[in-house]
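Each chain, letter by letter, is given below.
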Amino acid sequence: MKIYLFEIGTEELPPKAINTAVSYFKDELPVLFKNFFAYQTPDNIEIFGTPRRIGFLLKNLNEKEPDTKKTVIGPPAKVGIDSEGKFTKAALAFASKNNIPVENLRIIENEKGKYIGAEITIEGKSVKHFITENIPQLIKKIPFPKTMRWNDTGYRFSRPIRWIVSLLDDEVAPVEIGGVNADRYTHLHRFMTQPVGRGERKSINEASAYKEITKLGFVISNYEEREKSIRTQIEGFGKILDAEPIIDKELLNEVTNLTEFPVGILGDFSPEYLVLPKEVIITVCKVHQRYFNFEKNGELIPKFLAFSNISVPDRQVLKSGYEKVLKARLEDALFFYEEDLKHNLEDFYPKLSGIQFHHKLGSMLEKVERNGEIAFLISEMVGFDKKEDLLRANKLSKCDLLTEMVKEFDELQGIMGMHYALKQGEKEEVAKAIYEHYLPKSAEDELPRTETGTILALADKLDTVISFISIGEKPRATADPFGIRRNAIGIVRLLVEKEIDIDLKTLLDKISRQEKKAKILKFAEIEKNWKVVFDEEVIPEILQFIAGRFTAYLKERGFDLDIINAVISTDETNLYRAYLKIKSVQHLKKNPDFGDIMTVFKRVGRIIPEGFEEEFYENLLTEKEEKELYNQVQKIKEMFEKEINNKKYQEALGKLLKLKPYIDNFFDNVMVMVEDEKLRKNRLALMKLINRMFLKIADFTKITTT
């Protein structure tokens, strides 16, 4: 079996470009080479990416892909065979064109009739030929965020291509990309081998020797190995300092992709800077310097760990350089902090009118006003009585956008507002809500811990989604510049994970009515006319958009799509209750009789004609089985409604399960679609009565059991 090495060497790649390429290779390579792997194992593919190279090793490759059989169809039989039963010129021409021996021709019958045809063997391509044909296209399709041209070929890539290695065992497999032809020469570490700046040009005699050769040349090509090296060094220095390292995943990924041979350099900064909120120091270190921090008992210590891409005899030179740059940054941060504390946070509130939220949606001040209106409505619906704290937190929520610290480090918005509010004597819950109203910032981010912060976060995200959808600014498949999708996921997580028991449609209706009264949502002035944006017409679109994110959220957590749709299709717009219903039906699926249960439940829903609306009359029940069924419905109905009202959907399903034997008996012994119109309609009305109970949990007709 063969090993194939592909490496494309470039100028320094951005970290995001490396992530893009590695992720792309993980998805594409198993599919592209599936016919060549002798057997399936995770060891078949090893992907690597560093600032100067991306590529992969493919192992356990067969020399060629398997031959395949194919049936080819020629002329109709009546045209291909003459009256004497011999092949005509048409049949012979078909055989000649497809290199088919005449004796292999036969009559093939399909749905269109009888034809002359044959089964042919298509010889599998050699892996070398396949590589030459397909690797250039594979590389061309890497979806880099940004690309550039650098030579006359017009080829686009993330950075200029400087060399290509394409080795099948010990033989060069011809590949040409962007005017560069592949050979067997790689380049080792740019600064730790000669010539400095380009690195030693090293011949690779065997594909299998690649990792050993590059490692000896101070290049750890494998991402996981480099990350492990960095993490080990961070944790090792943590033990030396008797402190906990703060390992940010995003920073760890970036540093891994900025180095080929990571070397940790421990540095110091003056303890005087510890008067700054620790988030400020961490942000300065992470965003501007790519340094890691350490803490003891939750407090930062004046140490940092930087990573160099080279190892030098005297690390003090590097250490001093890192410290000098960080000192300048922290000095700036301290100046901003002290200047900001000279102002009351509330003083910035009216100045929010000078920050544009969106040219069709007014200023940030108007956004805050809208957030306050929505937050007040939510507080009314959930019975939250600390409205004064809520409105105070909302008023201060965006004020830190005008502080010097946030102007310099926008990642600290909300965080600085919280710290400044605490410094100026605001209530702790109010201050925390300023930070928390931005949460969650992603699908995996933390949620607000305070009630005030939770309500404010929900209001802020609802306003964003409502506003942008109302003016037609919807996210596209490949772009979401206003973060509408992210905000919708935030809404879903807040409602579900914070167990907020409110109906979204009811809330949107209230917001719409409030908007019409207060005109809290409007276009900016266009042709001297102010236009109201949000009205009831856009509510279904907003609900559908949020429902889409709700579905995606639940699918990622392992819930079945048919069960999700079965609940959503009942027009349940209380997402917390919808989640509990989905959870209860998913739990029911573990029941070994789930298939039989669904068959019976679905039969009830499917027998009812669309649009059927007739009254049910108990006195029209004639058969014993339908009377027994109705009596059982009456027996469980009160407790069922009680369980539904108390959100105990698993118990409610348990009540419905008691109907199953009676429904079985009903369908086995009672004809529903009888000629007698009164009896037929009454039996359908009985089914409708039962199905209404079903629909309080899910539309079971949408659940698949195969």
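Residues numbered from 1 in each chain as written. Predicted model: local features only at pLDDT ≥ 70, side-chain atom pairs only at ≥ 80, totals over all residues. Heavy atoms only, no water.

### Re the pattern of salt bridges
Taken as a whole and assessed by the stated rule, the structure comprises 51 salt bridges. One salt bridge connects Lys286 with Glu250, and the closest N-O pair in it is separated by 3.2 Å. Residue Lys286 is located in helix H8 (residues 278–289), and its partner Glu250 is located in helix H7 (residues 249–256); the two are separated by 36 residues in the primary sequence. Between Arg370 and Asp463 there is a salt bridge, and its shortest N-O distance comes to 2.7 Å. Residue Arg370 is found in helix H10 (residues 364–382), and its partner Asp463 is found in helix H15 (residues 451–470); the two are separated by 93 residues along the sequence. Salt bridges here are not isolated pairs; linked through shared partners, they connect Glu46, Lys59, Lys211, Lys215 and Glu225. (Salt bridge = Lys/Arg side-chain N within 4 Å of Asp/Glu carboxyl O. Helix = DSSP H or I, 4+ residues; strand = E, 2+ residues; numbered from the N terminus.)

### As for a negative patch on the surface
A surface patch of like charges, here negative, comprises Glu272, Glu331, Asp332 and Glu338. Relative to the assigned elements, Asp332 resides in helix H9 (residues 315–340). Take Asp332: its relative accessible area is 38%, and that puts it in the partly exposed class. (Patch = residues over 30% accessible without salt bridge, like charges linked within 9 Å, V, L, I, M, F, W, Y side chains within 5 Å. Areas by Shrake-Rupley, 256 points an atom, 1.4 Å probe, with all protein chains shown as cover. Lys, Arg positive; Asp, Glu negative; His and termini not counted. Charge placed at Lys NZ, Arg CZ, Asp CG, Glu CD. Buried < 20%, exposed > 50% of the residue type's maximum accessible area, 1.4 Å probe, protein only.)

### Some details on the sheet that holds strand S13 (residues 244–246)
Strand pairing in a sheet relies on backbone hydrogen bonds. The paired strands run either parallel or antiparallel. On the basis of which strands lie adjacent, the open sheet formed by four strands has the order S13-S15-S16-S14 and antiparallel pairing. A single partner strand is all that each edge strand has here, and the edge strands are S13 and strand S14 (263–268). Across the sheet, the mean angle from the axis of one strand to that of its neighbour is 35°, orientation sign disregarded. Here four bridges tie strand S15 (residues 292–296) to strand S16 (residues 299–308), and the two strands are oriented antiparallel to one another. Considered in S16, the bridge of Glu295 is made with Leu300. Running at roughly 145° to S16, helix H6 (residues 223–241) makes contact with S13, S14, S15 and S16 of the sheet. Each of S13, S15 and S16 is contacted by H8, which is oriented at about 155° to S15, the strand it contacts most. (Pairing = 2+ DSSP bridges. Axes fitted to C-alpha atoms, helices over the stretch in contact; angles between N-to-C directions. Contact = heavy atoms within 4.5 Å.)

### Considerations on the packing of aromatic side chains
Under the defined criterion, the tally for this structure stands at 24 aromatic pairs. Measuring from ring centre to ring centre gives 5.1 Å for Phe25 and Phe56, while their planes differ by 75°; the resulting arrangement is edge-to-face. Here Phe56 lies in strand S3 (residues 53–61) and Phe25 lies in helix H1 (residues 15–32), a separation of 31 residues in the sequence. Residue classification places Phe25 among the buried residues on the basis of a relative accessible area of 0%. When the centroid spacing of 5.4 Å and the interplanar angle of 75° are considered together, the rings of Phe33 and Phe130 count as edge-to-face. Linking Phe33 in the loop between H1 and strand S2 (45–50) with Phe130 in helix H4 (residues 127–140), this pair joins segments that are 97 residues apart in sequence. On the basis of relative accessible area, Phe33 is assigned to the buried category, the value being 0%. Three or more aromatic residues joined by ring pairs make a cluster, and in this case those are Tyr4, Phe6, Tyr24, Phe25 and Phe56. (Phe/Tyr/Trp six-rings, centres within 6.5 Å; stacked < 30°, edge-to-face > 60°.)

By themselves, these figures tell us nothing about what the structure is for.
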